[in-house]
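Read off the chains here:
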Amino acid sequence: MENTATKNSELSPFEEKELITRTQMGEVDAFNPIVSKYQQKIYNLIYQRVRDRETAEDICQEVFLKAWQALPNFKGQSAFYSWLYKIAINCSIDFLRKQNKRFVLSWEELPQHANETLEASQKQLSISQILEKKEFRNIVGKAVRQLPTGQRDVFYLRYGEELRIKDIAQRLNKSEGTIKTHLHHVHRKLRDMLRPYLQNEPLGWYKA
C-alpha cells in the first residue's frame with residue numbers, strides 16, 4: 001500500500017487548491033498533506049543555504065508555521081510553491097543575518113558620507129544578497145582581524161555582543177568619546193578595505 005508521504009507528494013493541482021481553501025476556512029488538518037508534499041523540497045532548499053541538518057529542520061518548521069499563519073492572505077495569484085519558496089528564502093536570510101552579525105558590518109551604521117561609487121555598489125548588492133555570500137563573510141572576518149587590537153575589541157563588542165557605546169566604554173575602561181573614535185576608524189578602514197570587493201575589483205590584502 002502507498003505510504004502517506006508518497007501519496008501526498010502526488011497531490012494534483014486541483015486537490016492542492018481544495019486543501020488550501022479548506023485550510024483557509026479553518027480546517028487545520030487539511031494543511032498536513034500540503035506540508036508532506038513540499039517538506040522535503042523546502043528542507044533541501046534551506047539546507048543548501050545553512051549547511052546544517054538540525055538548523056535546516058528548525059527553519060523548515062518555521063517556514064510551514066509562517067505559511068499556515070499567512071495562508072488566509074494567499075490569493076492564488078502565484079503558484080503555491082512559489083509563495084512558499086519566498087517564505088523559505090526570507091527565513092533563511094533572517095537566520096544568516098542573525099548568525100553573521102559578528103562578521104558582517106551593519107551597513108546602516110556606516111557613515112552617511114560614503115562616496116557615490118560605494119553607494120551605487122551597495123544599492124546593486126542588497127544586504128540579503130551580501131549575507132548569502134560565504135566568500136564575503138570570510139573576507140569581512142579577515143578584514144576585522146587585521147584591525148588594531150583596540151579597534152577589533154570595540155568591533156566585536158559592538159556588533160558581536162551588541163553592546164551600547166556606554167557599556168563598551170565601561171567594559172574597556174575608556175571614555176565614550178574614545179569608543180566613538182574607534183568605531184569611526186573601524187567603519188572607515190573596513191569600508192576602504194571592502195570597497196574593491198563591492199566594485200568587483202581584486203583585494204590586494206586578502207589571501208584565501
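The following paragraphs examine the structure supplied in this document. (Residues numbered from 1 in each chain as written. Predicted model: local features only at pLDDT ≥ 70, side-chain atom pairs only at ≥ 80, totals over all residues. Heavy atoms only, no water.)

In terms of regular secondary structure, the protein is built from eleven helices and zero strands. When the helices and strands of the protein are listed from N to C terminus, the series reads α-α-α-α-α-α-α-α-α-α-α. Per-residue burial for the protein yields a buried fraction of 38% across its 208 residues. The contacts of the protein with a sequence gap of at least 6 include a subset with a gap of at least 24, amounting to 64%. (Helix = DSSP H or I, 4+ residues; strand = E, 2+ residues; numbered from the N terminus. Buried < 20%, exposed > 50% of the residue type's maximum accessible area, 1.4 Å probe, protein only. Contact = heavy atoms within 4.5 Å.)

Here we take up the state of the cysteines. Within the structure shown, the criterion is met by zero disulfides. As a non-bridged cysteine, Cys60 has Cys91 as the owner of its nearest cysteine sulfur, 9.8 Å distant. (Disulfide = S-S within 2.5 Å.)

A separate point is helix α11 (residues 176-198). Its 23 residues place the ends of α11 31 Å apart at the C-alpha level, agreeing with the 33 Å of an ideal helix rising 1.5 Å per residue. Asp192 marks where α11 bends most, by close to 30 degrees; the proline Pro196 follows one to four residues later. Restricting attention to buried positions, one finds in α11 the residues Ile179, Leu183, Val186, His187, Leu190, Arg191, Met193, Leu194, Arg195, Pro196, Tyr197 and Leu198. (Expected span 1.5 Å × (residues − 1). Bend = angle between axes of the 7 residues up to and from the residue.)

To continue, consider the pattern of salt bridges. Tallying each qualifying case throughout the model produces five salt bridges. Its salt-bridge partner being Lys37, residue Glu16 comes within 2.8 Å of it at the nearest N-O pair. You can see Glu16 sitting in helix α2 (residues 13-24) and its partner Lys37 sitting in helix α3 (residues 32-50), a full 21 residues away along the chain. Each member of the pair, Glu16 together with Lys37, is buried. Salt-bridge contacts for Arg164 lead to Asp167; the nearest nitrogen and oxygen are separated by 3.1 Å. On the basis of relative accessibility, which here comes to 56%, the residue Arg164 falls in the exposed class. Residue Asp167 is classed as partly exposed on the basis of its relative accessible area of 25%. (Salt bridge = Lys/Arg side-chain N within 4 Å of Asp/Glu carboxyl O.)

A few words on α2. In this model α2 runs 16 Å from its N-terminal to its C-terminal C-alpha over twelve residues, within 8% of the 16 Å that 1.5 Å per residue would give. Within the span of α2, buried status applies to Glu16, Leu19, Ile20 and Thr23. Projected down its long axis, α2 shows its buried positions confined to an angular sector of 100 degrees, all on one face. Opposite the buried face of α2, by more than 90 degrees, sit the exposed residues Phe14 and Lys17. (Arc of directions from axis to C-beta.)

The next thing to look at is the nonpolar core. One broad rule of soluble globular proteins: the nonpolar side chains tend to lie buried together. Counting 29 residues, the largest nonpolar core has Phe31, Ile42, Ile46, Val63, Phe64, Phe80 and Leu84 as the members making the most contacts within it. Contributing elements (two or more residues each) for this core: α2, α3, α4 (53-70) and α5 (80-99). For Leu84, the residues in contact, after removing those within four places along its chain, are Tyr38, Ile42, Val63, Phe64 and Ala67. By size, the runner-up hydrophobic cluster in this structure holds 22 residues, among which are Val154, Phe155, Leu163 and Tyr197. (Core = buried A, V, L, I, M, F, W, Y, C linked by side-chain atoms within 4.5 Å.)

Relative accessible area serves as the criterion here: at 9%, Glu16 is assigned to the buried category. Reaching out from Glu16, the side chain makes a polar contact with the side chain of Lys37 at a distance of 2.8 Å. What Glu16 contacts, discounting residues up to four positions off in sequence, is Ile34, Lys37, Tyr38 and Phe80. (Polar contact = N/O pair within 3.5 Å; in protein donor to acceptor, adjacent residues only side chain to side chain.)

A few words now on a nonpolar patch on the surface. The grouping of Val28, Leu65 and Trp68 at the surface amounts to a nonpolar patch, some 270 Å² of accessible area in total. Topologically, Leu65 is positioned in helix α4. (Patch = residues over 30% accessible without salt bridge, like charges linked within 9 Å, V, L, I, M, F, W, Y side chains within 5 Å. Areas by Shrake-Rupley, 256 points an atom, 1.4 Å probe, with all protein chains shown as cover.)

Remember, this is a structural readout, not a statement about activity or role.
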